[in-house]
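Each chain, letter by letter, is given below.
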Amino acid sequence: MAHRIGRRKNVKKGFQFTLMVVGASGLGRTTFINTLCDADVVPKRESDEPDMAHVEEGIKIKPYTVELDEDGVKISLTVVDTPGFGDMIDNEYCFQEILGYLERQYDDILSEESRIKRNPRFRDNRVHALLYFITPTGHSLREIDIELMKRLSPRINVIPVIGKADTFTPIELADFKKRVMEDIEHHNIPIYNFPFDPEEDDEETIDENSELRSLLPFALIGCEEEIMVNGRKVRGRQYPWGIVEVDNTQHCDFAKLRFALLSSHLQDLKEITHDYLYENYRTEKLSRSAENLSE
């Protein structure tokens, strides 16, 4: 099923977009969110025991909303963070909490659509994309990765990313990306893979989506600090062997992922959410209701 890139129908009034970020503690979720928004959106946790600062007591679902201006286009971005995911021995509760949150937003829309008189102040909080942070093990996907993506992909556009990708050499990173994508294909996990139709889409769309697809899973390096490089300030990290720049596409995939989420593919992700994922949920829900009434 191919979806064309939306061409920004609502440029004047701006866009509303919701992104969920899921991954085990210590993979740089907070730093990524703050880097994405170029602001201190999610406060860093402070702890009396620094070694335990990343450990959460069970999963929490925390939405943060920030107003962005992307080349003159206003975006009301809500980032839903999920601290505590993957920290427990049994992660079934985590799966249920995330899935429950996604479905509650669909239920709210379903309820609003069935009203005779609509609420003019109603806010659509459906989540349009989920960035899943894969632990940079260097081996392959873990059971929790496969289970999470499989269970959530019928409800949301899942985009896999690798957190703290600067722990790899370029060769190790390319090898790990290849293994992850082989696992995703082997387990038939329907991630959002920047779909296109070679017969219907124009050459520019095909080239752009092909390039983004080839980057999956996106290698991310988060850093809020600025350092001086050749007389200019850049966001990055200084290592004994050199410098890693967050916004340099030669160093990581952050800039290309950010542009895809907040510009080129924002409308496509919203359309798939409404036309496909939500419609499937709505059909399932109404079918179940009809079955219950007939019993």
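Preceding this paragraph is the structure being described.
Quick notes on the rules
Residues numbered from 1 in each chain as written. Predicted model: local features only at pLDDT ≥ 70, side-chain atom pairs only at ≥ 80, totals over all residues. Heavy atoms only, no water. Helix = DSSP H or I, 4+ residues; strand = E, 2+ residues; numbered from the N terminus. Rg over C-alpha atoms; globule rule 2.2 N^0.38 Å. Buried < 20%, exposed > 50% of the residue type's maximum accessible area, 1.4 Å probe, protein only. Phe/Tyr/Trp six-rings, centres within 6.5 Å; stacked < 30°, edge-to-face > 60°. Lys NZ or Arg CZ within 6 Å of the ring centre and 35° of its normal. Axes fitted to C-alpha atoms, helices over the stretch in contact; angles between N-to-C directions. Parallel < 35°, antiparallel > 145°, perpendicular 65-115°, else oblique. Left-handed = near helix turned anticlockwise from the far one by under 90°. Contact = heavy atoms within 4.5 Å. Nonpolar A, V, L, I, M, F, W, Y, C, P; charged D, E, K, R; others polar. Pairing = 2+ DSSP bridges.

A. Main features of the overall build of the chain. Helix and strand content of the chain: 7 helices and 9 strands. Relative to the 2.2 N^0.38 estimate, which gives 19 Å for 295 residues, the radius of gyration of the chain is 20 Å and therefore close to what a compact globule would have. Seen through its C-alpha atoms, the chain measures out along the principal axes to roughly 70 × 45 × 40 Å. Taken over 295 residues, the chain has a buried fraction of 48%.

B. Structural context of the packing of aromatic side chains. Throughout the structure, instances matching the rule amount to 9 aromatic pairs. When the ring of Phe 85 is compared with that of Tyr 132, the centres are 6.1 Å apart and the planes differ by 90 degrees; the resulting orientation is edge-to-face. Taken together, the residues Phe 85 in the loop between β3 (73–81) and α2 (92–113) and Tyr 132 in strand β4 (residues 129–134) connect sequence positions 47 residues apart. According to the relative accessible area criterion, Phe 85 is buried, its value standing at 1%. Through successive ring pairs, a cluster of aromatic residues spans Phe 32, Phe 133 and Phe 254. Lying across the ring of Tyr 278, Arg 126 places its NZ or CZ 4.9 Å from the centre.

C. Region of the structure containing the packing of helix α1 (residues 29–37) against helix α6 (residues 254–264). At a minimum axis separation of 11 Å, α1 and α6 run at an interaxial angle of 65 degrees. The orientation of α1 with respect to α6, classified from their angle, is roughly perpendicular. The chirality of how α1 crosses α6 is right-handed. Packed against α1, whose contacting residues are Phe 32, Thr 35 and Leu 36, the element α6 presents Phe 254, Leu 257, Arg 258 and Leu 262 at the interface. In terms of residue class, the contact of α1 with α6 is made up of 5 nonpolar, 1 polar and 1 charged.

D. Region of the structure containing unusual backbone geometry. The amide bond that connects Leu 216 to the next residue, Pro 217, takes the cis arrangement and shows omega of -15 degrees. In this structure, Pro 217 sits in the loop between α5 (203–215) and β6 (218–219). Although it is not a glycine, Asp 38 sits at a positive phi angle of roughly 55 degrees. Positionally, Asp 38 belongs in the loop between α1 and β2 (62–70).

E. Local environment of the environment of Thr 205. Counting through the fold element by element, Thr 205 comes out in helix α5. A relative accessible area of 4% means that Thr 205 is categorised as buried.

F. Representation of the environment of Ile 243 in the model. Within the element layout of this structure, Ile 243 appears in strand β9 (residues 242–245). Overall, the relative accessible area of 27% leaves Ile 243 in the partly exposed class. Here the alpha-carbon distance between Ile 243 and Ile 227, two residues 16 residues apart in the chain, equals 9.2 Å. Residues within four places of Ile 243 in sequence aside, it is in contact with Ile 227, Val 229, Arg 237, Gln 238 and His 251.

G. Focus on the pairing of β3. Of all the 9 residues making up β3, 8 are buried; the element is thus mostly covered by neighbouring parts of the structure. Strand direction decides the pairing type here: strand β1 (residues 15–23) and β3, joined by 7 bridges, are parallel. For Leu 19, the partnering residue across the bridge sits in β3 and is Val 79. Pairing analysis gives 9 bridges linking β2 to β3, with the strands arranged antiparallel. Along β3, the bridge assignment pairs Val 66 with Leu 77. Here β2 folds back onto β3 in antiparallel fashion, the turn holding 2 residues, of which Asp 71 has a positive phi close to 50 degrees.

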